[in-house]
Amino acid sequence: SGRIEFAEYFRLLEAVQGEREGAVWQQVIENLGYLDEVFAGTAVQRSVRDYGRYLLQPVMRRLGWEAQSSDDAGTLRLRDAVIDTLGRFEDREVTVRARQMFADYAGSRAVPIEPSIRNGVVRTAARTADTTTFEALRRFLKQADNQEDNYLFGGAMICVRDPQLVLRILELGLTDEWPPGNASGYLRNVGYYSGHPGLGKDFILKNFEAVQAKASRGGRSWTLPDTFAGFNDAK
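The written sequence of each chain sets the order in which its residues are numbered from 1. Whole-chain, interface and lining totals are the exception, using all residues; otherwise, since this is a predicted model, local features are given only for residues with pLDDT of at least 70 and side-chain atom pairs are given and counted only at 80 or more. Water and hydrogen atoms play no part in the side-chain values, which are based on all heavy atoms of the structure.

Caption draft 1: Quick look at a nonpolar patch on the surface. Any residue with relative accessible area above 30% and no salt bridge may belong to a patch, with like charges joined within 9 Å and the nonpolar Val, Leu, Ile, Met, Phe, Trp and Tyr side chains within 5 Å. Accessible areas in this description were obtained via Shrake-Rupley with a 1.4 Å probe; residue shielding takes into account the shown protein chains only. Salt bridges are defined by distance alone: a side-chain nitrogen of Lys or Arg within 4 Å of a carboxyl oxygen of Asp or Glu. Together, L205, L224 and F228 give the surface a local cluster of nonpolar side chains, amounting to about 250 Å² of exposed area. Numbering of helices and strands runs from the N terminus; a helix is a DSSP stretch of H or I covering at least four residues, while a strand is a stretch of E covering at least two. If you trace the backbone, F228 turns up in the segment after helix 14 (223-227). Under the scheme applied here, a residue whose accessible area is under 20% of the maximum for its type counts as buried, over 50% as exposed, and between as partly exposed, the area being computed with a 1.4 Å probe on protein chains only. A relative accessible area of 38% places F228 in the partly exposed class.

This is the structure we're talking about:
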């Protein structure tokens, strides 16, 4: 009923630190992600991310980066989710390692990424992408020949946090770079996922007719709601 202080949730989570059940951690990760969105762009978001790192770093150390023969499906999913969340929460160790793994994958040796952590690694690398990493994501997205890769690289690309790369995605969205349905999704969602809703909003309002021309009849009704979803201030 909304009667307790927000900090009580952090105190509650102290009780799960010794938890070994993956389903419990998945719920914690989902809730921390929700709180990260709720407080996006505010001072409280930093507290959420700091606490998230504190809580999940021991889980990452316990799970390790390498899949084990004894890992069940829940463990494999949890490892990927922890990597993804720690990357989202700006954990330095996870970010550095994920960036190196992606660079090795995108380089001339094309070192494959363990399939069970592919999503977390690619999304973490994308969030901190420079131009080289962005161009690799763009290349992989062009080469995607199945829906899984299309979702992976497209979904990771719109998580970039560099404002110049956000603008690049918005500009490319009005070209023939991607199928219209995909382009429409990237255009209206990149502001939200990148943490730069103002960039997305300004671009879409300025180019509204061209953006709507990319969308399906059903998709057009989502353009403005999704564009403004990244804001949480009264205005």
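Caption draft 2: Representation of the packing of aromatic side chains in the model. Under the pairing criterion, centres of Phe, Tyr and Trp rings, with the six-membered ring standing for Trp, must be within 6.5 Å; the plane angle then separates stacked pairs below 30 degrees from edge-to-face pairs above 60, leaving the rest tilted. The tally for this structure, following the rule as stated, stands at eleven aromatic pairs. Put simply, the rings of F6, F10, F39, Y51 and Y54 pair up and form one aromatic cluster.

Caption draft 3: Geometry of unusual backbone geometry. At E90, a residue that is not glycine, the phi angle is positive and equals roughly 65°. Mapping E90 onto the fold places it in the loop between helix 4 (73-88) and helix 5 (92-106). Judged by relative accessible area, E90 falls into the partly exposed class, the value being 36%. Of note, A110 is a non-glycine position whose phi angle comes to about 50°, a positive value.

Caption draft 4: Structural context of the layout of surface pockets. Of the volumes computed, that of the largest pocket is approximately 780 Å³. If you go around the largest pocket, you meet 33 residues; those closest to its centre are G33, D36, E37, R88 and Y193. Secondary-structure elements contributing two or more residues to the lining of the largest pocket are helix 2 (22-38), helix 3 (43-63), helix 4, helix 6 (118-127) and helix 10 (180-194). Considering each element in turn, the lining of the largest pocket owes the most residues, six residues, to helix 2. Under the scheme applied, nonpolar residues are Ala, Val, Leu, Ile, Met, Phe, Trp, Tyr, Cys and Pro; charged residues are Asp, Glu, Lys and Arg; polar residues are all the others, including Gly. The residue makeup of the lining of the largest pocket, split by class, is eleven nonpolar, eleven polar and eleven charged. Computed over the protein atoms alone on a 1 Å grid, cavities are sets of points where a 1.4 Å probe fits but cannot get out and pockets are open sets with protein on both sides within 12 Å along at least five of seven lines; a residue lines them when it has an atom within 4 Å of a point. Grid points are joined across faces, edges and corners, and a volume is the space filled by probe spheres set on the points. A volume near 190 Å³ is recorded for the second largest pocket. Going through the elements one at a time, helix 8 (147-157) and helix 10 are the ones with two or more residues in the lining of the second largest pocket.

Caption draft 5: Highlighting the pattern of salt bridges. By the definition in use, this model includes 21 salt bridges. Its salt-bridge partner being D84, residue R123 comes within 3.3 Å of it at the nearest N-O pair. Residue R123 is found in helix 6, and its partner D84 is found in helix 4; the two are separated by 39 residues along the sequence. Judged on exposure class, the residue R123 and its partner D84 are both buried.

Caption draft 6: Expanded view of helix 5. Helix span, as expected, comes to 1.5 Å for every residue beyond the first. With 15 residues, helix 5 ought to run about 21 Å at 1.5 Å a step, and its terminal C-alpha atoms sit 21 Å apart, in line with that. Those residues of helix 5 lying buried are V94, T95, A98, F102 and Y105. In an axial view of helix 5, the angular spread of the buried residues amounts to 95°, which keeps them on one side of the axis. Counted as exposed and oriented over 90 degrees from the buried face of helix 5: R92 and E93. Picture the helix axis, draw a direction to every C-beta atom, and the arc is the one those directions span.

Caption draft 7: Main features of the side chain of R88. Structurally, R88 is set in helix 4. A polar side-chain atom of R88 sits 2.9 Å from the main-chain carbonyl oxygen of G33. Should any heavy atoms of two residues lie within 4.5 Å, those residues are considered in contact. Once residues within four sequence positions are removed from consideration, R88 is found in contact with G33, D36, E37, R49, R127 and R161. Under this definition, polar contacts are N or O atom pairs within 3.5 Å; protein pairs additionally need one hydrogen-donor-capable and one acceptor-capable atom, and for neighbouring residues in sequence, both atoms have to be side-chain atoms.

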